[in-house]
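Residue-level listing of the chains:
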Amino acid sequence: MATSSSLFRSKKLSLFLNLSFLLLLTLYLKTNLFPSNLNSTLFHLSYNIRPPTTTISHLRRLSDITTNGCTGLQKYTDNKYKCFYVKTHIGCRPKGYIDYLQIFYCNFGQFPILGHFVLLLWLLVLFYLLGNTAANYFCSSLESLSKILKLSPTIAGVTLLSLGNGAPDVFASIVSFTKSGNGDLGLNSVLGGAFFVSSIVVGIISIVISSHRISVDKCSFIRDALFFLFSLFSLLLIVAIGKINLWGAICFTSIYFVYVCVVSAMHFFCGDKDNGAGHVGETGIPLLGYIGDEKPVLKSALEEQEQIANFLNLNPEICYYVAKIVHVLELPLYLPRRLTIPVVSEENWSKPYAVLSVTLAPVLLAALANTQRENVSLRSGLVTYFTAGLIGMVFGNLACVTTKKSSPPKRCLFPWLAGGFLMSVTWTYIIAEELVSLLVSLGHIIGINPSVLGLTVLAWGNSLGDLIANVAMAINGGADGAQIAISGCYAGPMFNVLMGLGLSLGFSSFSEYPSSFEIPGDPSLYETLGFLMAGLLWALVILPKKNMRLDKSLGYGLLTIYFCFLFLRLARAFGLLNLHGSPFKV
């Protein structure tokens, strides 16, 4: 019955999000393809009542907004003026694919509560898509690649496991630096997630299992904590200097490879006794931390129908049609990814989907390439699509000829897995790009710095899976589970800092090469890094004093440090505190 209840709750969540997506898509199409007379009237009215300006002042205003972004939006109180402002100012143009500011002020200007509800609902859908894509496609490809490449559990744990868990943070950081031009958001989201996991998650684990008197391995903990501290100190130097070149970014990123080498050496010379990273592969904990009873069990459609029928006390024939309707309603968020990401796992194999995915994948890549380039001519765009279409047809015919309907291919799996990995990365990038764009727009709408939303909303959303998985692992896994959970709470955030920010800084500095890339000047970064390092130092002091036993003093101390930091940041964001001469500005 518990399994039926869990399955039913999962179905309800998926159904709710898909229906929400259909509702939002309908609203978007209606407001853009069939704009109401009211919105048109508001726009023309705002244009007509705007005071006349000279050509020189108009050019000066455009020059100001080019350098200052969308900062002038909060100067107006009337939504009619705001609608005109976001339509005519360059800095208010969307960084993603949807113009959220124009939708909010021009379509929901008279109903701001409804506008906030729509944007928050879409934020929930994007978080679901980001996590679901990483869990069901990205991590599945990584696990299979690990088996194909015959990686040891230790190497897989500190490389592919960290990559699978940190994919949302890494891609959100890269997008914020390279696409949105809002590096503050990327820095704060990665550091906020690292702070949340290393303080809140470790604190909750320590409090929950304190009665079990479980100790963690001293060498592994000190190794992870010192490497994490060194990484944060290196980032602090980069922020203090204010700029970084390509070689500096490469050196910063290489710290993680040194960490991998140290972990491998310890595993090779000391074995994997009491080594959390070594237990990861042997205990069978998959990427994104599904463990024990929480691990999703793949069932046939008939079994699911029987369980739903028993749970709802429905007639099996009625439940059959209900299940079909639910399946159709779940397609909007499922089908686009399934048709473009090759999947060759035994339980999810479908030859029609496989053939279509390798055929349509190049077309999606071509569409993404055209959107990433500026001033793409019609001819160039058509050539890109035509070339992608030809490549897709070749791949599709090869897949049709070389695969069976009954089972996935057994040989030459690497191209399939590499293709699945590439397309999972593509979808994760697209979703992260839209998520960052939405958070930037919400920052303008609410009137606070988008970096604060990165530090809180984006960091919490991406770290929620770590909280649930690591706490459950520590509670249900005994001493080994606690060791794995604590190791993940430090190794995972360190990966996000070194690889997420390292790659972001590397791409940004490469675009400026041979000049240096200017680090976003956000004084609050010093506070974030300082509090984060204080939490690590607290753990380094308390745990050895307690003989490496996880207890409440460690947990309450970490929670206190995090909530003190959070109070200061939010108080400054809303103008309640003024520690740097002025409160946050958008």
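None of the values given here were measured: they were computed from a predicted structure. (Residues numbered from 1 in each chain as written. Predicted model: local features only at pLDDT ≥ 70, side-chain atom pairs only at ≥ 80, totals over all residues. Heavy atoms only, no water.)

**Looking at the overall build of the protein**
Along the protein, the regular secondary structure elements total 21 helices and two strands. Here the contacts in the protein between residues at least 6 apart in sequence split such that 80% fall between residues at least 24 apart. Accessible surface computed for the protein: about 28000 Å², of which carbon and sulfur atoms make up 66%. (Helix = DSSP H or I, 4+ residues; strand = E, 2+ residues; numbered from the N terminus. Contact = heavy atoms within 4.5 Å. Areas by Shrake-Rupley, 256 points an atom, 1.4 Å probe, with all protein chains shown as cover.)

**Here's the deal with the environment of I238**
As for its placement among the helices and strands, I238 is situated in helix α9 (residues 218-241). The spatial distance from the C-alpha of I238 to the C-alpha of A249 is 9.4 Å, given a sequence separation of eleven residues. In contact with I238, not counting residues within four places along its chain, are K243, I244, F252 and I519.

**Considering the packing of helix α20 (residues 524-545) against helix α21 (residues 552-573)**
It is at 9 Å that the axes of α20 and α21 come closest, and there the two elements cross at 170 degrees. Looking at the two axes, α20 sits roughly antiparallel to α21. Each of S524, E527, T528, F531, A534, G535, W538, A539, I542 and L543 in α20 lies in contact with α21, whose residues at this interface are S553, L554, G557, L558, I561, C564, F565, L568, R569 and R572. Its residues assigned to classes, the contact of α20 with α21 comprises twelve nonpolar, five polar and three charged. (Axes fitted to C-alpha atoms, helices over the stretch in contact; angles between N-to-C directions. Parallel < 35°, antiparallel > 145°, perpendicular 65-115°, else oblique. Nonpolar A, V, L, I, M, F, W, Y, C, P; charged D, E, K, R; others polar.)

**Structural notes on the state of the cysteines**
The tally for this structure, following the rule as stated, stands at one disulfide. The disulfide partner of C83 is C106, and the S-S distance across this bridge is 2.1 Å. Every disulfide takes its handedness from the sign of the S-S torsion; for C83 and C106 that torsion is 110 degrees, giving right-handed. Taken together, the residues C83 in helix α4 (residues 79-88) and C106 in helix α5 (residues 100-107) connect sequence positions 23 residues apart. (Disulfide = S-S within 2.5 Å.)

**Things to note about the pattern of salt bridges**
With the rule as written, the count across this model stands at two salt bridges. Residue K546 pairs with D551 through a salt bridge whose shortest N-O separation is 3.7 Å. On the basis of relative accessible area, K546 is assigned to the partly exposed category, the value being 31%. Residue classification places D551 among the buried positions, given a relative accessible area of 12%. (Salt bridge = Lys/Arg side-chain N within 4 Å of Asp/Glu carboxyl O. Buried < 20%, exposed > 50% of the residue type's maximum accessible area, 1.4 Å probe, protein only.)

**Some details on the side chain of S504**
Structurally, S504 is set in helix α19 (residues 478-512). Residue S504 is classed as buried on the basis of its relative accessible area, which comes to 0%. Each residue touching S504, except ones within four places of it in the same chain, is listed here: S173, I174 and F177.

**Thoughts on the nonpolar core**
Counting residues in hydrophobic clusters, the biggest one holds 75 residues, and the most contacted among them are I205, F221, L232, Y256, V497 and L550. In this view, F221 contacts I486, Y490, A539, L540, L543 and M548; residues no more than four positions away in its chain are not counted. Listed in part, the 60 residues of the second largest apolar core include Y85, I98, L368 and I445. (Core = buried A, V, L, I, M, F, W, Y, C linked by side-chain atoms within 4.5 Å.)

**Remarks on the confidence of the model for the protein**
For the protein, the mean per-residue pLDDT works out to 76, and 76% of the residues sit at or above 70. Scored below 50 in pLDDT, residues 581-586 makes 18 contacts in the model with residues more than four places away or belonging to other chains. (pLDDT = per-residue confidence, 0-100.)

**Thoughts on the environment of Y556**
By secondary structure assignment, the location of Y556 is in helix α21. Separated by 350 residues in the primary sequence, Y556 and S206 have C-alpha atoms spaced 8.6 Å apart.

**A few points about the packing of α5 against helix α17 (residues 413-446)**
Taken N-terminus to C-terminus, the directions of α5 and α17 make an angle of 45 degrees; their axes are 9 Å apart at the nearest point. Relative to α17, the element α5 lies oblique. Contacts from Y100, L101, F104 and Y105 in α5 reach E434, S437, L438, S441, H444 and I445 in α17. Along the lines of polarity and charge, the residues of the contact of α5 with α17 split into six nonpolar, three polar and one charged.

**Quick word on the side chain of S199**
Summarising the element assignment, S199 is placed in helix α8 (residues 183-208). Residues contacting S199, with those up to four places away along its chain left out, are L558, L559 and Y562.

**Quick word on the packing of aromatic side chains**
The relation between two aromatic rings is expressed through the spacing of the ring centres and the mutual angle of the planes. For the structure on display, the rule yields eleven aromatic pairs. The interplanar angle of 70 degrees and the centroid separation of 5.0 Å between the aromatic rings of F195 and Y562 together place this pair among those described as edge-to-face. Placement of the pair is F195 in helix α8 and Y562 in helix α21, with a sequence separation of 367 residues. When its relative accessible area of 3% is taken as the criterion, Y562 is described as buried. Ring centres of Y562 and F563 lie 5.9 Å apart, and the angle between their planes is 80 degrees; on these two criteria the pair is classed as edge-to-face. (Phe/Tyr/Trp six-rings, centres within 6.5 Å; stacked < 30°, edge-to-face > 60°.)

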